[in-house]
Amino acid sequence: MSDEKNTAAKLEKIKAEILAKYPTKVARKRAKQILVNRNDSTGKVPEVGANMRTVPGIITQRGCSYAGCKGVVLGPTRDIVNITHGPVGCAYYSWLTRRNQTRPESDTAENFMNYCFTTDMQDEHIVFGGEKKLKQAIQEAFDLFHPKAISVFSTCPVGLIGDDVHAVAREMKEKLGINVFAFSCEGYKGVSQSAGHHIANNGIFTHVVGLDDTIGKGKFRINLLGEYNIGGDSFEIERILDACGISLVSTYSGNSSIDHFANSHTADLNAIMCHRSINYMAEMMESKFGIPWIKVNFIGAESTAKSLRKIAQYFEDEELKAKVEEVIAAEMPAVKASLEKAKPRCEGKRAMLFVGGSRAHHYQDLFGELGMETLAAGYEFGHRDDYEGRRVLPSIKVDADSRNIEELHITPDPKRYAPRKDEESLKKLESEGLAFREYDGLMPDMKENTLVIDDISHFETEKLIEMFKPDIFCAGIKEKYAIQKSGIPMKQLHSYDSGGPYAGFKGAINFYEEIERMVNAKIWSYITPPWAAEPELSANYAWVA
Ligand code: CFM
C-alpha cells in the first residue's frame, strides 16, 4: 500500500473499510467527516462535516469549552489571575504545562502563569452553591497578589448548579476597584474547545478591549491574533517584526499582558495566525473600531516571508517594503543551508497531521519545504470555513449547539470608529492580491487524493497507521504513545514535546533539523515490542446466569 499511488478509488475503499466497523447511524455521520480531497482547477473542494457533536463512546482528540477559553485564549496572558471555579482537576489539567512562554517586562513585573488558582469545588458547594467560595477566592487572590485583573472560568458543575459568576464578578469589581470579569465557559457548552474560544473572545472584547486609548510608538502598528507562544513561537515572531520595524501592539495572547489587550484597538491592522480561535475578535474590532484584518502564517520560512510582505503591502510604504526584503534576505541563507542538509533526507517521506483547528494546515507548509507529502490531515474542532475557506460561511447551517454561544452584535463606536483604509484603498489592495477578511482553508491547499478527516477517532488513527505506515504522525499527548507503539515517529504539535520554537525563520530551522532526525531514526526498527515476540493475552467472556 505505502508504495503505490493513492487513487480516489483506493482511498474510498479505505474509507468504506473504516466505516464498516461502525453502527449504521454512526457510519452515516462519520462518512461526512471523512473525505477524499478533490482539488480541481475550479478550487472547489468537497463539503466536510465539521463542528458536529462527537458520538459518545468514540475516543475523540477533542477538549472542552473551558479548555478553549481558559487554557488556550486567556491562559497565556501573564498578569491576569485566572481562577478556575470548579473542581481542582479542571484547574490542574489546564495549568499551562503545555509550554506557553512569557517574558515579563522586568524581574518585578507580574507573572501569574506559574500559579494555578481554583476554588476547589467540593460536594457541599454543589449542594449549597459555590458563589460564597468564589468571592472568598477572589478576595484571597487579591489580598495575596494585588493583580490588575482577575478573571473567573466556569467549569461544568457551575452551570449545572447555576452559580451567577457574572454577578459575583461585578460585585467584586466594585468592592476591589480592579477589573474582574467572568466567563460562562462550562465544559459542556458547544461541541468542543472551539465554543470556549468564542466565549473568550466575547469576554475580552466586552471587558478589556478599548480601556486604554493611548496611541503607542511606531509607524506600522499591528496586532497578531491567534498566536499563543507555544515553545517560544511568539518570541521569534516578535524578533522578526522588530527587525522589520513593525510594532506589535498586542498579541492574542502569547506573551501578552492585559494592558496590551486594553490598548489593542489602537492598532492599524489585525494579522490572524489561528483563524479558528480568534476570528471573532478580528471581526468585532473591525466593526467597532474600523481595523481591517488579513490572514498570515508564520509557520514555514516561505510563509513567514509571504506574511511579512503582506503586512508591508498593507501599509503601502516603500521604506517598509524595502526593510522587509532586507530582513528576508538576511534570514534566508541560514534557512537554505539548513534545508540543503535536511531536505535530501526527508524528501518524499509522508506525514499525517491531526491537530486542533489551525496547525494541521499551517504545518503542511513546513513539511512541504522539506519536500514531504501530507497524506492525511484534519482538525479536531475546525469549522467548515477552516477546511473549505470562508467563502462557505453563508452556507453554514447554524445548529442548536452553535446557537448556544452568544453572538455579540457590534456596532461602530460613536467616537472611536475610524476605518484605517477607505473601501476604495481596500479594493485597490485587493486587486493587487492582498485579501481582506479571507481565509482559504486547509482543503484547497491539500492535494487531490489525500484524506481529510474531521475529529478523527482513536480507532481511525490506528487504521490509518496500519494501512499507510506514514513516516511521521503529528498530533497531541493523548495520541502520542499509542502511535509510537506502532513504531511510527510521533511529533506533538500542541506542546512541541520539548522542542520549538517552530515559527519564523529560526523556528523553521529547528523544525527541519528535528524532523530530519525523527524520520531517519532507526530506533523503531531495532525494537521488537513484547507483543510481537510473545503471544498476546487472550480471553473469553464468561456468561454468569
Ligand atoms: Fe488555534 Fe492554538 Fe490551534 Fe487552538 Fe488548541 Fe493550541 Fe492547537 Mo492545542 S488556538 S486551534 S485550541 S493554534 S491548544 S495554541 S495547539 S489544539 S492547533
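About the criteria used
- Residues numbered from 1 in each chain as written.
- Predicted model: local features only at pLDDT ≥ 70, side-chain atom pairs only at ≥ 80, totals over all residues.
- Heavy atoms only, no water.
- Domains from an automatic or database assignment.
- Helix = DSSP H or I, 4+ residues; strand = E, 2+ residues; numbered from the N terminus.
- Expected span 1.5 Å × (residues − 1).
- Buried < 20%, exposed > 50% of the residue type's maximum accessible area, 1.4 Å probe, protein only.
- Contact = heavy atoms within 4.5 Å.
- Patch = residues over 30% accessible without salt bridge, like charges linked within 9 Å, V, L, I, M, F, W, Y side chains within 5 Å.
- Areas by Shrake-Rupley, 256 points an atom, 1.4 Å probe, with all protein chains shown as cover.
- Salt bridge = Lys/Arg side-chain N within 4 Å of Asp/Glu carboxyl O.
- Lys, Arg positive; Asp, Glu negative; His and termini not counted.
- Charge placed at Lys NZ, Arg CZ, Asp CG, Glu CD.
- Pairing = 2+ DSSP bridges.
- 1 Å grid on protein atoms, 1.4 Å probe; cavity = no way out; pocket = protein on both sides within 12 Å on 5 of 7 lines; lining within 4 Å.
- Points joined across faces, edges and corners; volume = space filled by probe spheres on them.
- Nonpolar A, V, L, I, M, F, W, Y, C, P; charged D, E, K, R; others polar.
- Axes fitted to C-alpha atoms, helices over the stretch in contact; angles between N-to-C directions.
- Disulfide = S-S within 2.5 Å.
- Arc of directions from axis to C-beta.

What to know about the domain arrangement of the chain
Piece 1. When cut into domains, the chain gives domain 1 (1-62 + 346-389 + 439-498) and domain 2 (65-187).
Piece 2. In this structure, domain 1 and domain 2 have C-alpha centres spaced 35 Å apart.

Side note on helix 10 (residues 233-244)
Piece 1. Here helix 10 contains twelve residues, and its C-alpha end-to-end distance of 17 Å stays within 8% of the 16 Å for a straight helix at 1.5 Å per residue.
Piece 2. Along helix 10, the residues classified as buried are Asp233, Ser234, Phe235, Glu236, Ile237, Ile240, Leu241 and Cys244.
Piece 3. Looking at the buried side of helix 10, the elements it contacts are strand 6 (221-227), strand 7 (247-253), helix 13 (301-315), helix 14 (318-346), helix 15 (359-369) and helix 21 (504-520).

Some thoughts on a positive patch on the surface
Piece 1. A contiguous patch of positive charge, built from Lys25, Arg28, Lys32 and Lys397, is present on the exposed surface.
Piece 2. Secondary-structure assignment places lysine 397 in the loop between helix 16 (384-388) and helix 17 (400-403).
Piece 3. Looking at lysine 397, the relative accessible area reads 75%, which means it is exposed.

A look at a nonpolar patch on the surface
Piece 1. On the surface, a cluster of nonpolar side chains totalling about 350 Å² of accessible area is made up of Ile126, Val127 and Phe128.
Piece 2. Mapped onto the secondary structure, valine 127 falls in helix 5 (residues 123-128).
Piece 3. Its relative accessible area of 62% is what places valine 127 among the exposed residues.

As for unusual backbone geometry
What is expected of a backbone is that most residues other than glycine have negative phi and most peptide bonds are trans.
Piece 1. In the segment running from tyrosine 252 into serine 253, the intervening peptide bond is cis, with an omega of 0 degrees.
Piece 2. Within the fold, serine 253 resides in strand 7.
Piece 3. Between glycine 500 and proline 501 the backbone carries a cis peptide bond, its omega angle lying at -5 degrees.
Piece 4. Among the secondary structure elements, proline 501 is positioned in the loop between strand 14 (490-492) and helix 21.
Piece 5. Here the phi dihedral of asparagine 51 falls at roughly 55 degrees; this positive angle occurs in a residue that is not glycine.
Piece 6. With respect to the helices and strands, the residue asparagine 51 is situated in the loop between strand 1 (34-36) and helix 3 (65-74).

Let's talk about the sheet that holds strand 5 (residues 179-183)
Two strands in a sheet stick together by hydrogen bonds in their backbones, pointing the same way (parallel) or opposite ways (antiparallel).
Piece 1. The parallel open sheet is built from four strands, whose spatial order is 3-2-4-5. The sheet is open, and its two edges are formed by strand 3 (117-118) and strand 5, each paired on a single side.
Piece 2. The pairing of strand 2 (residues 80-85) with strand 4 (residues 149-154) spans six bridges and is parallel. Within strand 4, the position partnered with asparagine 82 by the bridge is serine 151.

Quick notes on empty space enclosed by the protein
Piece 1. As enumerated under the stated definition, the model contains two cavities of 30 Å³ or more in all.
Piece 2. Approximately 110 Å³ is the volume attributed to the largest cavity.
Piece 3. Lining the largest cavity are 13 residues, and of these Lys70, Asn82, Phe112, Met113 and Tyr115 lie nearest its centre.
Piece 4. It is strand 2 that contributes the most residues to the lining of the largest cavity, three residues altogether.
Piece 5. Partitioned by chemical class, the residues of the lining of the largest cavity number eight nonpolar, four polar and one charged.
Piece 6. Tallied by class, the residues present in the lining of the second largest cavity amount to two nonpolar, two polar and four charged.

Quick word on the environment of isoleucine 258
Piece 1. Position of isoleucine 258 relative to the elements: it lies in helix 11 (residues 258-263).
Piece 2. Put simply, isoleucine 258 and threonine 77 are 181 residues apart on the chain and 6.8 Å apart in space, counted from C-alpha to C-alpha.
Piece 3. Discounting residues that sit within four places of it in the chain, isoleucine 258 has contacts with Thr77, Asp79, Ile80, Lys148, Ala149, Phe181 and Val208.

Describing the sheet that holds strand 14
Piece 1. Strand order in the open sheet made by the six strands is 1-12-11-10-13-14, with mixed pairing throughout. Where the open sheet ends on each side, the last strands, each with one partner, are strand 1 and strand 14. On average, each strand axis in the sheet is inclined to that of its neighbour by 20 degrees, with strand direction left out of account.
Piece 2. Two strands pair when backbone bridges link them, and strand 11 (residues 373-378) and strand 12 (residues 451-453) are joined in this way by two bridges, in the parallel orientation. By the bridge assignment, alanine 376 is partnered in strand 12 with leucine 451.
Piece 3. Helix 21 contacts strand 13 (472-475) and strand 14 of the sheet and is inclined by roughly 150 degrees relative to strand 14.

Looking at the state of the cysteines
Piece 1. A full pass over the atoms with the stated rule returns zero disulfides.
Piece 2. No disulfide involves cysteine 90; its nearest neighbouring cysteine sulfur is the one of cysteine 156, lying 6.7 Å away.
Piece 3. Note on cysteine 185: no disulfide assigned, nearest cysteine sulfur contributed by cysteine 69 at a separation of 3.9 Å.

Some words on helix 2 (residues 24-33)
Piece 1. Among the residues of helix 2, those classed as buried are Val26, Ala27, Arg30 and Gln33. Across the axial projection of helix 2, the buried residues extend over an arc of 115 degrees, all falling on one side. Summarising the geometry of helix 2, the exposed residues directed more than 90 degrees from the buried face are Thr24, Lys25 and Arg28.
Piece 2. Among the structural elements, helix 1 (8-19), strand 1, strand 12 and helix 19 (458-468) are those in contact with the buried residues of helix 2.

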